[in-house]
Every structure is written in C-alpha cells, then in structure tokens.
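As a plain string of letters, each chain reads:
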Amino acid sequence: MHDLFYYDWRVTKFSLGTHAYVHPRIALRNAEKLTDLSAMEKDIIIKHMWGATLGMPKYKETVVVSLVDDYAAVDEYLMPQLHKLAHPFHRLEHAHE
Ligand SMILES: [Fe+2]
C-alpha cells in the first residue's frame with residue numbers, strides 16, 4: 001500500500017514537493033479509504049522513502065520496508081539501465097533469434 005497512488009510520477013508534478021515527499025501521503029490517504037491501518041502500517045507507508053525524505057522511522061519494520069523498497073528500485077530500474085550500458089549491442093546480437 002506504500003505506493004497506492006494513481007498518477008504517472010514521470011508526468012505529474014506537484015507544487016507541494018517532490019514525488020518522494022508527496023506520494024507516501026497520497027498512498028496513505030488512499031489506503032485509509034480501503035481499510036483500517038495500525039500506527040506501524042501508517043509509519044511504514046509515510047516513511048518508506050526514508051533517506052530521500054527526512055522523517056525517521058518509528059519501527060524496525062519501517063526500516064526493513066524502506067531498505068527492501070530501495071533494493072527493488074535498484075533491481076527493477078537501475079540494473080536494466082546498467083545492463084544496457086554494459087551490453088549496447090545486445091539487441092542487435094540477438095536480432096536473428
Ligand atoms: Fe514509493
């Protein structure tokens with residue numbers, strides 16, 4: 001639920017702050033419309049961008065979710081970009097397959 005927002009962060013920009021700051025607050029509002037949340041769950045949603053945002057986690061579970069989210073972002077976004085840089089002709093090499 002920490003990323004429960006319905007806009008394209010690459011297109012939509014907010015005057016209130018960066019996507020890193022705004023989307024956890026939007027996600028929390030959307031999550032609260034769907035279900036009751038514990039204090040820990042709210043902390044996890046609001047602070048899952050810890051490091052990019054300043055709010056300190058209150059729970060070790062918040063730290064875990066934030067670190068796993070960082071790992072997933074690197075794995076899903078950065079690693080494919082690095083792979084493209086390391087293998088610029090990969091597509092051409094496999095075009096005949
Ligand atoms: Fe997020």
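Everything that follows concerns the structure shown earlier in this document.
Quick look at the structure, then.

What counts, and at which threshold
- Residues numbered from 1 in each chain as written.
- Predicted model: local features only at pLDDT ≥ 70, side-chain atom pairs only at ≥ 80, totals over all residues.
- Heavy atoms only, no water.
- Helix = DSSP H or I, 4+ residues; strand = E, 2+ residues; numbered from the N terminus.
- Expected span 1.5 Å × (residues − 1).
- Buried < 20%, exposed > 50% of the residue type's maximum accessible area, 1.4 Å probe, protein only.
- Contact = heavy atoms within 4.5 Å.
- Donors = N, O, S within 2.8 Å, 3.2 Å for Na, K, Ca; no water.
- Core = buried A, V, L, I, M, F, W, Y, C linked by side-chain atoms within 4.5 Å.
- Axes fitted to C-alpha atoms, helices over the stretch in contact; angles between N-to-C directions.
- Left-handed = near helix turned anticlockwise from the far one by under 90°.
- Nonpolar A, V, L, I, M, F, W, Y, C, P; charged D, E, K, R; others polar.

### Quick look at helix H1 (residues 19-34)
A turn of α-helix holds 3.6 residues, and therefore any two residues three or four places apart point the same way. Between the first and last C-alpha of H1 there are 22 Å, a value that for 16 residues agrees with the 22 Å anticipated at 1.5 Å per step. All of the buried residues along H1 are Ala20, Val22, His23, Pro24, Ile26, Ala27, Leu28, Asn30 and Ala31. Buried residues in H1 make contact with helix H2 (39-46).

### Points about the coordination of the iron ion
Ligation of the iron ion by protein atoms is provided by Asp3 (OD), His23 (NE2) and His48 (NE2), these donors lying 1.9 to 2.1 Å from the ion. Sequence spacing of the donor residues for the iron ion, all on one chain, is D-x19-H-x24-H. Residue His23 is located in helix H1, and its partner His48 is located in the loop between H2 and helix H3 (60-86); the two are separated by 25 residues in the primary sequence. Residue classification places His23 among the buried positions, given a relative accessible area of 2%. Note on His48: relative accessible area 0%, which makes it buried.

### As for the nonpolar core
By size, the foremost hydrophobic cluster in this structure holds six residues: Leu4, Ala27, Leu28, Ala31, Leu37 and Ile45. Considering each element in turn, this core owes the most residues, three residues, to H1.

### Let's talk about H2
Turning to H2, its buried residues number three or more, namely Asp43, Ile44 and Ile45. As for H2, its buried residues are in contact with H1 and H3.

### Observations regarding the packing of H2 against H3
Close contact between H2 and H3 brings their axes to 9 Å; oriented N to C, the two are set at 35°. Of the two possible hands of crossing, H2 and H3 adopt the one that is right-handed. Every residue of H3 that contacts H2 at Met40, Asp43 and Ile44 is listed here: Glu61, Thr62 and Val65. Of the residues belonging to the contact of H2 with H3, the class tally is three nonpolar, one polar and two charged.

These figures come from the coordinates and say nothing about function on their own.
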